[in-house]
Amino acid sequence: MGTVRKLIVEVVDARNLLPKDGHGTSSPYVVIDFYGQRRKTHTVLRDLNPVWNETLSFNVGTPSDIFGDVLELDVYHDKNHGPTRRNNSLGRIKLSSTQFVKKGEEALIYYALEKKYLLSMIQGEIGLKIYYVDEEVPPQLPPEQKEPPPPPPPQEAETKPPAEPEKAEEQPKAEADASQPECDKAKEETTDNGNAEQKAEPEIEKPPEKENEEPPEENGSVDQVDPGVPETPLQPPLNVDHVMAASVSRSNSEIRFSGMHAPHPIRRVASTASFTSEASSSDSILIERSTFDLVEKMHYLFVHVVKARYLPTNGNPLVKIAVSGNNVMSRPARKTTLFEWNQTFAFSRDAPDSSPILEVSVWDPAFPDGRSLLGGVCFDVTEIPVRDPPDSPLAPQWYRLEGGGAQHGDLMLATWLGTQADESFADAWKSDTHGHVNSRAKVYQSPKLWYLRATVLEAQDIMPLTSSKEVSFQVKAQLGFQVLKSKASVARNGTASWNEDLLFVAAEPVTGDLAISLEIRQPKAPVTMGILMVPLASIERRVDDRNVASRWFTFEDPNEEKSSYKGRVHLRLCFDGGYHVMDEAAHVCSDFRPTARQLWKPAVGTVELGIIGCKNLIPMKTVNGKSSTDGYCVAKYVLTIGVFDSWGVFEVDSPKESTRPDFRIGKVRVRISTLQTGRVYRNTYPLLVLTHAGLKKMGELEIAIRFIRTSQRLDFLHVYSQPMLPLMHHIKPLGVVQQEVLRNTAVKMVAMHLSRSEPPLRKEVVYYMLDADSHNFSMRKVRANWYRIINVVAGVIDIVRWIDDTRGWKNPTATILVHALLVMLVWFPDLIIPTFLFYVFVIGAWNYRFRSRDPLPHFDPKISLTEVVDKEELDEEFDGVPSSGSPEMVRARYDKLRTLGARVQTVLGDFATQGERVQALVTWRDPRATGMFVLLCLVVALVLYLVPSKMVAMAAGFYYLRHPIFRDRSPSPALNFFRRLPSLSDRIM
């Protein structure tokens, strides 16, 4: 039974529409167009805030160049209700299908209406819920089968006995053609080039599917098989289907296969733009350059074994593939009406001993004397076709098995030569990794995380009304390992109020319950009075800051089996999809999209990453007396590429060794905004790791990166003016401490989710990639950040020094030019801002000559102070919480931290003193000083009223720039007056 996808649009309501009927109101209705399908809602009479609550359904087809995948919604005023003569437009919206989600993830979203015409007056917004559903299609009875036409008479050449030896290879094919039954000929079509397309033989009609499509299964190989004995398909009649036949030659006990009738190869002209490393390969003339050009191509021979039929066995046969010294056994066949494997193998062709013969044979392990040969087929590798994406996949073909017990057996398979760019490469069994599951490349999807907001409003009937005591209550909420408690509230007359938000992190699929309990605060420990469970599936989802309807929930006694009333609580629960759930530090965050897919903005480009390889790696472990490193890379949005040493490769040989954590080898971090459009960056980066012994170079990683812009140039530049975080972070921001707690929770949930993958992504790998420990205390980072501040302030310090040198007449020419500039700016103040901006432009243009021409920026040991840090600070940095050091060491670190704290305390006191002196100017703490300052302000105000401001500014500037011979060496009177003002530092005990 198949399924059909439909798009469901729930038109809920609209708000603040524009009146269009001439009487101050409108009678709106909605028209939606999707894939050429048009649906209309009913008309709401004379209402500017109409409510429809109507559901419209659309069929989802394949992408069309005519209609596109855009949903168009128009709101009109109905001309039948009012004096208007036409359906006036009240607004429209256009939505891309990439914003739609599946059922269960939908949320009510209000879209602002846009103008349909340039001069239209439009206002208001419309609320919609849009999602996909898959509806089952009932089965249909097959049409009546007509009697097939009689077969054509056999040719004379096919009926003659094989008298000559050179015609022996063509005999099986000729006999198969002559004896093919009529029903099979009606089901099978053979093209001119020998490709046979097998069509399905269902008893019930199914939705259209691709021909020869099989259910996907994981690829792998097994050495031992548990021979089950399911029912065996009936043996074929003497007349069998026409198949591609291969000849067999026997020599004593050895069986060899030749590929005289294998598919003809597809020769291609060699590309002059091929990589230089491919010039020496004999297969390089067959491989074209594709979009997979950031890395060097690796050539593989692919064998896709699909299924077999007419095998004389009741067991689960195996397929053996032999090529270039590799002998691989497939997993046991899955019994249906046929014997199915649907498994792909990839054999490296870069080895110098690559064999030109490919042998594929079928064996039955159920026989007591071992694996009995049922037949096989072989190919000449030099004649196997070449496939290079975006070429279409090669269709598998039926081949006759010969040389074994299956005289009429057929095997469906496909063989081709390709590269690691082939879509079958990721899940294929590979000869260079021997099919180990932990050696398989995989794309890991992080879980979709939501913020669950539980607003605790109030509780009622939580204590007897006759009680005169005031008792403190608090609400505890638990979701998984997350436990949050509200503040304590004193209950009066059995009612307590909190009005407090509790925020959790939830991952999809959203299952389970939110446990909420009511506790009484007591000196020893809180006592639980009532508990309730809220199913997460019943909680509403929102994508904006609209208020969700609150509900009352009843507490039950946790100590009694029967439900008993213990009061009720007023809660407002919702999943906030407008936030981005932070799972990494803000300074290295690679994704700022909100949780709700409906709010995602279109991508402005794509980033292509090619991981070439590692060089000069240091041995990370010793196995069987030999030093080795089993390295693998983990890339996260290209911003971070980590290299690790795997222990998972010993899962089969030594289960204990496989449980060890994967060691860090190094990390490379690249910022996307530093990449130029269309340019390929291929560089080698050092892998640096900070250990207890100091900075250590573990090797080098060579990568290639390219950024391709997919949007218009103005849209791409407009991204720089957009906020990084979603709108909800600015409308209802989260606190810094709360955001950090939620981030640590999200990291744990992501690590748990990825550790359940196959192969698993270990916890220590996820923590390292997400920089989970980036906020741990480190004296080295404190000094590094202090030097960063000094570097930023250095520019301001240089400007102050230049001004001091100018007013000191160290360069008289420059001082005279500054006097002239002062006169010009004072008499023409409109030139101040343009002159400043032009000066900034000149500085930026001048610095362009000195821009960094190094490769993409990487970790800088000099800025990180990793080369000058001492061992004691490294021990403190790597020490966990609580500390594992000796008491003497902890005491020494504490004394050192107290010394640093004393310096910070002094700096904070100085800042506070200067601010309090400014306040003391008008607060009359020192009456004489405040009186003098107030009188001086009055005199200056009178002078500025009488004297033009330009003259005052000119005089002040010339006075400030006067020659040193007209100055006093002592500080200025104004500075002396400010330093004598009182502060509150003398009142601190």
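Quick notes on the rules
Residues numbered from 1 in each chain as written. Predicted model: local features only at pLDDT ≥ 70, side-chain atom pairs only at ≥ 80, totals over all residues. Heavy atoms only, no water. UniProt positions renumbered as here; feature names shortened; annotations may be inferred. Pairing = 2+ DSSP bridges. Helix = DSSP H or I, 4+ residues; strand = E, 2+ residues; numbered from the N terminus. Axes fitted to C-alpha atoms, helices over the stretch in contact; angles between N-to-C directions. pLDDT = per-residue confidence, 0-100. Contact = heavy atoms within 4.5 Å. Salt bridge = Lys/Arg side-chain N within 4 Å of Asp/Glu carboxyl O. Buried < 20%, exposed > 50% of the residue type's maximum accessible area, 1.4 Å probe, protein only. Core = buried A, V, L, I, M, F, W, Y, C linked by side-chain atoms within 4.5 Å. Polar contact = N/O pair within 3.5 Å; in protein donor to acceptor, adjacent residues only side chain to side chain. Phe/Tyr/Trp six-rings, centres within 6.5 Å; stacked < 30°, edge-to-face > 60°. Lys NZ or Arg CZ within 6 Å of the ring centre and 35° of its normal.

Identification of the protein as C2 domain-containing protein from Stylosanthes scabra is taken from an unreviewed UniProt entry. UniProt, in the comment section headed Subcellular location (unreviewed entry), describes the protein in these words: "Membrane".

Draft legend 1. The sheet that holds strand S37 (residues 631–636), seen in detail. The strand order across the open sheet formed by 3 strands is S37-S38-S39, and the pairing between neighbours is antiparallel. Bordering the open sheet on either side are S37 and strand S39 (663–669), each of which pairs with just one other strand. Put simply, the sheet's adjacent strands are angled 20° from each other on average, direction ignored. The pairing of S37 with strand S38 (residues 640–645) spans 6 bridges and is antiparallel. Across the sheet, residue glycine 631 finds its bridge partner in S38, namely aspartate 645.

Draft legend 2. Quick peek at the confidence of the model for the protein. Per-residue pLDDT for the protein has a mean of 79; in total, 80% of the residues score no lower than 70. A low-confidence stretch, residues 145–290 stays under pLDDT 50, and its non-local contacts, those more than four residues away or across chains, total 235 contacts.

Draft legend 3. Spatial organisation of the pattern of salt bridges. Applying the stated criterion across every chain, the model contains 40 salt bridges. Between glutamate 508 and arginine 541 there is a salt bridge whose closest N-O contact spans 3.1 Å. One end of the pair, glutamate 508, is in the loop between strand S28 (495–507) and strand S29 (513–520); the other, arginine 541, is in strand S31 (residues 540–542), with 33 residues separating them in the sequence. Using a relative accessible area of 18% as the deciding quantity, one classes glutamate 508 as buried. A salt bridge links aspartate 591 to arginine 593; the nearest nitrogen and oxygen atoms lie 3.2 Å apart. Salt bridges sharing partners connect three or more residues here, namely Glu72, Asp74, Arg92 and Lys116.

Draft legend 4. The sheet that holds strand S20 (residues 372–380), seen in detail. If you walk across this open sheet you meet the 4 strands as S16-S15-S19-S20, and the pairing is antiparallel. One side of each edge strand has no neighbouring strand; the edge strands of this open sheet are strand S16 (326–329) and S20. Along the sheet, successive strands turn relative to each other by an average axial angle of 15°, direction set aside. Sheet topology places strand S15 (residues 318–323) next to S16; 4 bridges connect them, and they run antiparallel. When the bridges of S16 are listed, isoleucine 321 appears paired with valine 328.

Draft legend 5. Structural detail: the pairing of S38. Burial analysis of S38 places 6 of its 6 residues in the buried class, which makes it a mostly covered element. Residues of S38 alternate between two faces, with Thr640, Gly642 and Phe644 on one and Ile641, Val643 and Asp645 on the opposite face, all of them buried. Count of turn residues in the S37/S38 antiparallel hairpin: 3 residues, of which tyrosine 637 carries a positive phi of about 50°. Where S38 and S39 come together, 6 bridges link them in antiparallel fashion. By the bridge assignment, aspartate 645 is partnered in S39 with phenylalanine 663.

Draft legend 6. Up close: the nonpolar core. If you look at the biggest cluster of nonpolar residues, it comprises 33 residues, and the most contacted ones within it are Phe473, Leu514 and Ile516. Elements with a contribution of two residues or more to this core: strand S24 (449–460), strand S25 (471–479), S28, S29, strand S30 (527–535), strand S32 (551–556) and strand S33 (565–576). Ignoring sequence-local partners within four residues, the contact set of isoleucine 516 consists of Val475, Lys476, Ala477, Gly530, Ile531, Leu532, Val534, Phe555 and Leu571.

Draft legend 7. Summary view of the UniProt feature "transmembrane region" (unreviewed entry) in the protein. UniProt records the feature "transmembrane region" (unreviewed entry) for residues 816–846 and 933–961 in the present numbering. When the span residues 816–846 is considered, its composition is 87% helix and 0% strand, and the gap between its end C-alpha atoms is 24 Å. Annotation note: span residues 933–961, helix share 90%, strand share 0%, distance between end C-alpha atoms 25 Å.

Draft legend 8. Inspection of the side chain of threonine 930 at higher detail. For threonine 930, the location among the structural elements is in helix H15 (residues 927–946). A distance of 3.2 Å separates the side chain of threonine 930 from the backbone oxygen of alanine 920, its partner in a polar contact. Look past the residues within four positions of threonine 930 in its chain and what remains in contact with it is Ala920, Leu921, Val922, Trp924 and Arg925.

Draft legend 9. View of unusual backbone geometry. Glutamate 508 connects to proline 509 through a cis peptide bond whose omega is 0°. Along the chain, proline 509 falls in the loop between S28 and S29. At tyrosine 310, a residue that is not glycine, the phi angle is positive and equals roughly 60°. Among the structural elements, tyrosine 310 can be located in the loop between strand S14 (299–309) and S15. Here aspartate 461, not a glycine, exhibits a phi torsion of approximately 55°, which is positive. Residue position: aspartate 461 is located in the loop between S24 and S25. Residue aspartate 461 is classed as partly exposed on the basis of its relative accessible area, which comes to 42%.

Draft legend 10. Representation of the pairing of S29. Most of S29 sits out of view: 7 of its 8 residues are buried. Bridge count between S25 and S29: 6 bridges; the pairing is antiparallel. Looking across to S29, one finds that glutamine 474 is bridged to glutamate 519. Strand direction decides the pairing type here: S29 and S30, joined by 8 bridges, are antiparallel. Note on S30: the bridge partner recorded for isoleucine 516 is leucine 532. In textbook terms, the turn of a hairpin is the stretch between consecutive antiparallel strands, and for S29 and S30 this stretch comprises 6 residues.

Draft legend 11. Seen up close, the packing of aromatic side chains. Tallied over the full model, the rule gives 19 aromatic pairs. Here phenylalanine 379 and tyrosine 399 contribute two aromatic rings whose centre-to-centre distance is 5.2 Å and whose plane-to-plane angle is 90°, an arrangement assigned as edge-to-face. With a gap of 20 residues between them, phenylalanine 379 in strand S20 and tyrosine 399 in strand S21 (residues 397–400) connect regions that are remote in the sequence. Both residues of the pair, phenylalanine 379 and tyrosine 399, count as buried. An aromatic cluster is defined as three or more aromatic residues linked by ring pairs; in this entry it consists of Phe34, Tyr35, Phe58, Phe100 and Tyr132. The aromatic ring of tryptophan 846 is capped on one face by arginine 849, whose charged end is 4.7 Å from the ring centroid.

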